[in-house]
Amino acid sequence: QVQLVESGGGLVQAGGSLRLSCAFSGRTFTGYAMSWFRQAPGKEREFVAAISRSGGRTAYGDSVKGRFTIARDNDKNTVYLQMNSLKSEDTAVYYCAASWKAVVSATSVARAPHDYDEWGQGTQVTVSS
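The residue numbers shown here count from 1 along each chain, following its written sequence. Reporting in this predicted model follows two pLDDT cut-offs: at least 70 for local features of residues, and 80 or more for side-chain atom pairs to be given and counted; totals over whole chains, interfaces and linings ignore these cut-offs and use all residues. Remark: hydrogens and water are excluded; side-chain values derive from all non-hydrogen atoms of the structure.

A. Seen up close, the overall build of the protein. Secondary structure counts use DSSP, requiring at least four H or I residues in a row for a helix and at least two E residues in a row for a strand, with both numbered from the N terminus. Helix and strand counts for the protein come out as zero helices and eleven strands. Ordered by position in the sequence, the α and β elements of the protein form the string β-β-β-β-β-β-β-β-β-β-β. In terms of overall dimensions, the protein has C-alpha extents of about 40 × 30 × 25 Å along its principal axes. The buried label goes to any residue with under 20% of its type's maximum accessible area, the exposed label to any with over 50%, and the partly exposed label to all in between, with areas taken from a 1.4 Å probe on protein chains only. Relative to its full complement of 129 residues, the protein shows a buried share of 43%. The criterion used for residue contact is that any of the two residues' heavy atoms lie within 4.5 Å. Long-range contacts, defined here as pairs at least 24 residues apart, represent 60% of the contacts in the protein between residues at least 6 apart. Each accessible area value is a Shrake-Rupley result obtained with a 1.4 Å probe; residue values ignore everything except the protein chains displayed when judging cover. Carbon and sulfur atoms make up 46% of the accessible area of the protein, which totals about 6400 Å². Each charge class in the protein was averaged separately, 14 positive and 11 negative side chains, and the resulting centres sit 3 Å apart. Asp and Glu are treated as the negative residues and Lys and Arg as the positive ones, with His and the ends of the chain left uncounted. Every charge is mapped onto a representative atom, which is NZ of Lys, CZ of Arg, CG of Asp or CD of Glu.

B. Looking closely at the environment of Leu81. Along the chain, Leu81 falls in strand β8 (residues 78–83). Assessed through its relative accessible area of 0%, Leu81 is described here as buried.

Don't take any of this as a statement about function, it's just geometry.
So, in structure tokens, the structure goes:
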């Protein structure tokens, strides 16, 4: 089965940057759309970014647009989330997710948690102000 392992979280000052990585194994990576979600204490899981199977299409949540970048390396079976200009409100557990059914295209983007079947264990990102 699919395994997703996130890394790269930590403590950073406001205005700083972090890069999260998610290593995918168990199935053919290029068959899966990939995404990042986050969840802060007491809040619902929030869509952050998604990327199509080829990497040619990306989508972002409104709160991170222009600051975060999602990318994938299909040779390394890894998806990344580059986070710049971090704010205290970006503090959350960040989860990598995968789906063989989800669509990430110019006309349709899977943004809900239930669109994704496979989840990593999460990595904590804490932004100090």
